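Residue strings, one per chain:
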Amino acid sequence: MRILYFLLRKEFLQIFRNKLILRMIFIMPVLQLIILPNAANYEVKNITLSVVDHDHSEYSKKLINKFTSSGYFKLANISDSYEKALEIVEKDVADLIVEIPSGFERDLIRENETKLMIAANAISGQTAGLAVSYSNSIVREFNNEVRVEWIQLPRINQQPTIEITNSNWFNPRMNYKYFIVPGVLALLVTLVGYILTSLNIVKEKESGTIEQLNVTPIKKYQFILGKLIPFWILGLVVLSLGFLVSFIIYGIFPEGSFLLGYLFAAIYLIAILGFGLFTSTFAETQQQAMFIAYFFMMIFVLLGGLFAPIENMPDWARYLTYINPVSYLIEVMRMLVLKGSGFWDLLNHFIVVIVFAVVFNGLAILNYKKTT
Amino acid sequence: MKQLLTFIKKEFRHILRDTRSLLVLLGLPIVQLLIFGFAITNEVRNTSIAILDNSKDEVTQNIITKIESSQYFDIDRTISTSDQIEKAFKTGKIKVAIVFQQNFQEELLHLNKAQVQILADATDPNQATTLTNYLSSILMDYQTELNQQNKLPFTINTEMRMLYNPQLKGAYTSVPGVMGMILLLISTMMTSIAIVKEKEFGTMEILLVSPMKPWLVVLSKVIPYFIISMINVASILILSVLVLELPIQGSLLLLIGITTLYLLCALSLGILISTVTNSQLAAMLISLLGLMLPVVMLSGYAFPIANMPTVLQIISNIVPAKWYIIMVKGVMIKGVGIAGIWKESLVILGMTFFFLLVSVKRFKVRL
């Protein structure tokens, strides 16, 4: 016990000696948590529109008006040919082209049928999909209005219609912040913990101080514990700051048990720090440790389910996310904040993260060799 | 010149000696591009759906078959009551559910109206919207089929075109995004660490007292990493064309040109970081913790910039990856020439000069 105490004291002295790093550890995550979640917004508004109106009729004007007043579209440009509109899209000025052919109104009334052309910039398939489905519903609405104008009311509903109502659970106002803030916090805590630990032991190797530790009667597990505990405490401080920011700035408070979330994150931290220490015992130089850390962080972060839903991934990538600790933390944070899940809903997640913690720290202890 | 070559050789020896790092440096972009090119997609597929069929008639059966065969959804057949649906939502077992009213067929065919409800897990609002849209369009398709016999008067037939990416492949957004991210992060990290490392060990002093000019010392450190980055660019481009089947519409030369410019920008950012830090840990914290999330989230890769609040749109301008991604999309996918991207290249060039200028100011010949 005394040995551990001295190890901890040494580690804390080293941490507090470097004020620059200490400041970075606390300020960067807080700053990023305040700024970045505001960027996350998939809600497609203000899709830029380029209109090609060959008809110049009352109906064509009405239709254009319907587009611009819907709130989804913003008129960016009026072109006189489809080719010119395409150039506008190429320059990124507009993302959707609506081309109304000449005779649009005449054909609609006389021939009972008319054409309309819509083209979307589909580099981002998702935005294009939404833009197209919004424009479809606008056209459908416009079409119905025309019918009402020309047909007596009772005749309209002669067709069977499926009425669709929809409701959004857990987040009825579709607030993206609730979804993104817990995720960003999870990522930041992971980054801080993992970077600090992955460089730590290897630094002692590089500067040769590890030999001095090796010749002392410190046991392997004591050594790893002595490294684990200080960073665990630092991580918890960053986590608490993060919770504070989410509450003060975004008004997010876990609907489920707050303590449950804290407990989960605390165990998670042990796991991720263990992974960092394992990386550190494995690497020969700090540089190497950094590149390895970069590799895993990039994959953990992007496959964590924050930026792209895990359900959409192909099977092999979905299996990869099972061994990605980050995806568990993000999911648990979300379940707590949005769904108010209880302990029994989270039991599986708890078991998995405890297994991670045991395995990673075990590997770190095994891989740390007291001989060089 | 000969001295510079000797220094570059020394740097290369350092790099080649450490095979593990080299493996990571050259292998990592390839692995990442493949993972993200295939895995990071917002295309809906195999999403678990629960169906609560209170009617169990021919029409609902037909609709269910349609949903099943769409490959967007996997029907979870263990769920058959509304209590179970609620529980399945809570544990995350399903993302969306559809509820048919009682006597669906009867009311649809005789009263011309029947109700169906779509419930979506809006924890991820974006996904919820997309799933609801997909389901609605399946239902609408069915309705159109049903109504095919008696055609409605006054119909507008809309023809839809998807420009540049007719199959709506995810790679069209992920490849430019991943290029912007990987190249920036890895080049910045490599240079900043290589220089700071010498500072930490005290060997920088030895280099500085050599007859080489200080800026040549720095240059000799940057060149090897520039070459490694160019190899990475080549492997990324080859993979994205051959494996991800993303054609290069514009000029390859122009693409390589802007990428070189972007690499120079990233390398000078690395130099800048190395002048303001003294330890590898600090350099790593800035170049990984400080850059990773801002680059992912503000570059337009993960979230469209047009939807951000004005303040963030302004902040996003200082992220080099944003400009590079615009250029790559322009050249690779839209096939525009230099005329379409000169503004963005000027911005990157300006940033590069800015980073270098600040580094020169902060560079201390004496440690």
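Within every chain, residues take consecutive numbers counted from 1 along the sequence as written. Whichever chain is written first becomes A and whichever ligand is written first becomes 1, with later ones labelled in order. Confidence filtering applies because this is a predicted model: local features only for residues at pLDDT of at least 70, side-chain atom pairs given and counted only at 80 or more, and all residues used for totals across whole chains, interfaces and linings.

### Side note on the domain arrangement of chain A
For the domain bounds, the source is a domain assignment made automatically or taken from a database. We note that the domain assignment places domain 1 (2–40 + 174–367) and domain 2 (47–156) within chain A. Distance between the C-alpha centres of domain 1 of chain A and domain 2 of chain A: 50 Å.

### Brief notes about the confidence of the model for chain B
Residues and elements named next belong to chain B. Per-residue pLDDT for chain B averages 84, and the proportion of residues at 70 or more is 96%. As a per-residue measure, pLDDT tells how confident the predictor is, with possible values from 0 to 100. Each helix is a run of H or I in the DSSP string that is no shorter than four residues. Each strand is a run of E no shorter than two, and both are numbered from the N terminus. Ranking the elements of chain B by mean pLDDT puts strand β5 (residues 155–163) last with 75 and helix α10 (residues 252–276) first with 93. What the predictor reports for the complex is a pTM of 0.82 with an ipTM of 0.81.

### A look at the pairing of strand β3 (residues 96–100) of chain B
Residues and elements named next belong to chain B. Residue burial is a threshold on neighbouring C-beta atoms within 10 Å of the residue's own C-beta, all placed from the backbone, with 20 or more meaning buried, 12 or fewer meaning exposed, and counts in between meaning partly exposed. For β3, the buried fraction is high: four of the five residues fall into the buried class. Strand pairing is assigned whenever DSSP detects at least two bridges linking the two strands. Two strands pair when backbone bridges link them, and strand β1 (residues 47–53) and β3 are joined in this way by five bridges, in the parallel orientation. Bridge assignment links alanine 50 to a residue of β3, and that residue is alanine 97. Where β3 lies against strand β4 (residues 113–121), five bridges are found, and the strand directions are antiparallel. Across the sheet, residue isoleucine 98 finds its bridge partner in β4, namely isoleucine 118.

### Side note on the sheet that holds strand β4 (residues 113–121) of chain A
Ordered by their spatial adjacency, five strands build an open sheet running β2(A)-β1(A)-β3(A)-β4(A)-β5(B), and the pairing between neighbours is mixed. Edge strands, defined here as strands with exactly one partner in the open sheet, are β2 (73–79) of chain A together with β5 of chain B. Neighbouring strand axes in the sheet, compared pairwise and without regard to direction, differ in orientation by 25 degrees on average. The sheet contact formed by strand β1 (residues 47–53) of chain A and strand β3 (residues 96–100) of chain A spans five bridges and is parallel. Across the sheet, Ser50(A) pairs through a bridge with Ile97(A), a residue of β3(A). Axis definition: a line fit to C-alpha positions, over the contact stretch in the case of helices; interaxial angles, taken between N-to-C directions, run 0 to 180 degrees.

### Overview of the nonpolar core
By size, the foremost hydrophobic cluster in this structure holds 192 residues, and its most contacted members are Ile195(A), Leu288(B) and Met292(B). Sort the elements by how many residues they give to this core and helix α8 (residues 176–207) of chain A lands first, with 19 residues. Contact between two residues is assigned when their C-beta atoms, built from the backbone, lie within 7 Å. Ignoring anything within four residues of it in the chain, the contact list for Ile195(A) reads Ala293(A), Met284(B), Leu285(B), Leu288(B) and Leu289(B). For this entry, the nonpolar core is defined as buried Ala, Val, Leu, Ile, Met, Phe, Trp, Tyr and Cys residues connected by C-beta atoms within 7 Å. One finds Ile49(B), Val59(B), Tyr72(B) and Ile94(B) within the second-largest nonpolar core, a separate group that totals 29 residues.

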